[in-house]
Amino acid sequence: MTTTSIEKPFNRILLTGAAGGLGKVLRERIKAWANIVRLSDIADLGAAGVGEEIVQCDLADKAAVLALMEGVDVVLHFGGISTEANFEAIMHANIQGTYNIYEAVHKHHVKRVIFASSNHAVGYYRTTDYIDADMPTRPDGMYGISKCFGESLSRYYYDRFGIETVCIRIGSSFPVPTTRRMMVTYFSYDDLFELLRCSVFAPRVGHTISFGVSDNPGKWWDNKKAAHLGFQAKDSSTAFTHLFPDSSAYPEKDDITTIYQGGGFLLTGPQYK
Ligand code: NAI
Ligand code: 15L
């Protein structure tokens, strides 16, 4: 009996942060894109399934990250600290870690990276602002600064070495919006997956910054500078209007968590310790 194997677009795709909230969502979904999905995290990832490789390592371990990149065709870099934290912790996981990723990408001739950036790279814009990807970054804390670092670093690796990156400034990618702010920043898992698909398979992306947000009313971010990716959000937070029935337009109160796009992160910086 002969067996036929379906040809997949890539041989090996690497997902960092695979044990995290989004990593768990993506783990199964990206299998269609590559013969082998290499899953990495500092946390336990369980046993490898069919078509999976598991590599548990610290992104700040340069030698480990260099080995992690062996034979990889495309990287989805989702690993790191995902909220505000002290600078030393952020430096370790997000700054050293992302630098190690790009050094390894360069040494192993990987052609494209998708970097999970964050809306907190621009969290100090006001909720009355409507911004696009060419406007200056305005991070709202150490975490946001580390995402700006990743965006600048990837720009450098593109200008210097031609390594393409799509930086996705993810809004709030969770099953449902849990705050009024998230009615504006909500990014459904299906829309995240679609933007990732566009980012991975668009013929040329150069260095692109895209906002990861669903088609929510009153959103703060204009994606025209990433139009070449061909992404169209299909979901909207309007599906959850019943969760916030008595609220009118955002913001509902006048404090810094509603004046600035970064919301509650404005209260978690080093000055609030
Ligand atoms: P998460 O915190 O659930 O997952 C991050 C993963 O990175 C964790 O499994 C953690 O163990 C791993 N990690 C942390 N430090 C590490 C290190 N030194 N070495 C190796 N692995 C390490 O976060 P989530 O929600 O899954 O987000 C994934 C990525 O997307 C993060 O980079 C986050 O900053 C970004 N993002 C997520 C948003 C969201 O709405 N979920 C919004 C904006 C950005
Ligand atoms: C982020 O960058 C975080 O990773 C995520 O946990 C949420 O806090 C999100 O931003 C948000 O702004 O809702």
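- Under an unreviewed UniProt entry, the chain has the name Uronate dehydrogenase and belongs to Undibacterium pigrum.
- For the chain, the Sequence similarities (unreviewed entry) comment in UniProt is given as "Belongs to the NAD(P)-dependent epimerase/dehydratase family."

### Things to note about the environment of Ala202
Piece 1. Positionally, Ala202 belongs in the loop between helix 6 (189–201) and strand 8 (207–212).
Piece 2. With relative accessibility at 8%, the residue Ala202 sits in the buried group.
Piece 3. Look past the residues within four positions of Ala202 in its chain and what remains in contact with it is Arg112 and Leu229.

### Looking at the pairing of strand 2 (residues 34–41)
Regular strands place side chains that alternate from one sheet face to the opposite one.
Piece 1. In terms of burial, strand 2 is largely enclosed, as 6 of its 8 residues are buried.
Piece 2. The pairing of strand 1 (residues 10–16) with strand 2 spans 6 bridges and is parallel. Note that in strand 2 the partner of Phe10 across the bridge is Ala34.
Piece 3. Regarding the hand of the β-α-β motif, the stretch spanning strand 1, helix 1 (residues 21–29) and strand 2 is right-handed.
Piece 4. Strand direction decides the pairing type here: strand 2 and strand 3 (residues 52–56), joined by 5 bridges, are parallel. Each bridged residue has a counterpart across the sheet, and for Ser40 the counterpart in strand 3 is Val55.

### Brief notes about the site of ligand 1
Piece 1. The local shell around ligand 1 holds 26 residues, among which Leu22, Asp41, Ser82, Tyr143 and Ser173 are the closest.
Piece 2. One of the backbone nitrogen or oxygen atoms of Ile42 is found 3.3 Å away from a nitrogen atom of ligand 1.
Piece 3. Here an oxygen atom of ligand 1 sits 2.7 Å away from a polar atom, N or O, in the side chain of Ser82.
Piece 4. Out of a free accessible area of 820 Å², ligand 1 has 86% covered by protein chains.
Piece 5. Mapping ligand 1 onto the cavity grids shows that it belongs to the largest pocket.
Piece 6. Broken down by secondary-structure element, the contributors of at least two residues to the shell around ligand 1 are helix 1, strand 5 (112–118) and helix 4 (142–161).
Piece 7. In the shell around ligand 1, the residues fall into 12 nonpolar, 11 polar and 3 charged.

### Details of the site of ligand 2
Piece 1. The local shell around ligand 2 consists of Ser82, Ser118, Asn119, His120, Tyr143, Gly171, Ser172, Phe174, Arg181 and Phe265.
Piece 2. The side chain of Ser118 places a nitrogen or oxygen atom 2.7 Å from an oxygen atom of ligand 2.
Piece 3. Ser172 is positioned with one of its side-chain polar atoms (N or O) 2.5 Å from an oxygen atom of ligand 2.
Piece 4. Its free accessible area being 320 Å², ligand 2 has 82% of it covered by the protein chains.
Piece 5. Counting atoms within 2 Å of the grid points, the majority share of ligand 2 lands in the largest pocket.
Piece 6. Residues belonging to the shell around ligand 2 are distributed by class as follows: 3 nonpolar, 6 polar and 1 charged.

The rules behind these values
- Residues numbered from 1 in each chain as written.
- Chains lettered and ligands numbered in written order.
- Predicted model: local features only at pLDDT ≥ 70, side-chain atom pairs only at ≥ 80, totals over all residues.
- Heavy atoms only, no water.
- UniProt positions renumbered as here; feature names shortened; annotations may be inferred.
- Helix = DSSP H or I, 4+ residues; strand = E, 2+ residues; numbered from the N terminus.
- Buried < 20%, exposed > 50% of the residue type's maximum accessible area, 1.4 Å probe, protein only.
- Contact = heavy atoms within 4.5 Å.
- Pairing = 2+ DSSP bridges.
- Right-handed = clockwise from strand over helix to strand, strands pointing away.
- Near = heavy atom within 4 Å.
- Polar contact = N/O pair within 3.5 Å; in protein donor to acceptor, adjacent residues only side chain to side chain.
- Areas by Shrake-Rupley, 256 points an atom, 1.4 Å probe, with all protein chains shown as cover.
- 1 Å grid on protein atoms, 1.4 Å probe; cavity = no way out; pocket = protein on both sides within 12 Å on 5 of 7 lines; lining within 4 Å.
- Sits in = over half its atoms within 2 Å of the grid points.
- Nonpolar A, V, L, I, M, F, W, Y, C, P; charged D, E, K, R; others polar.

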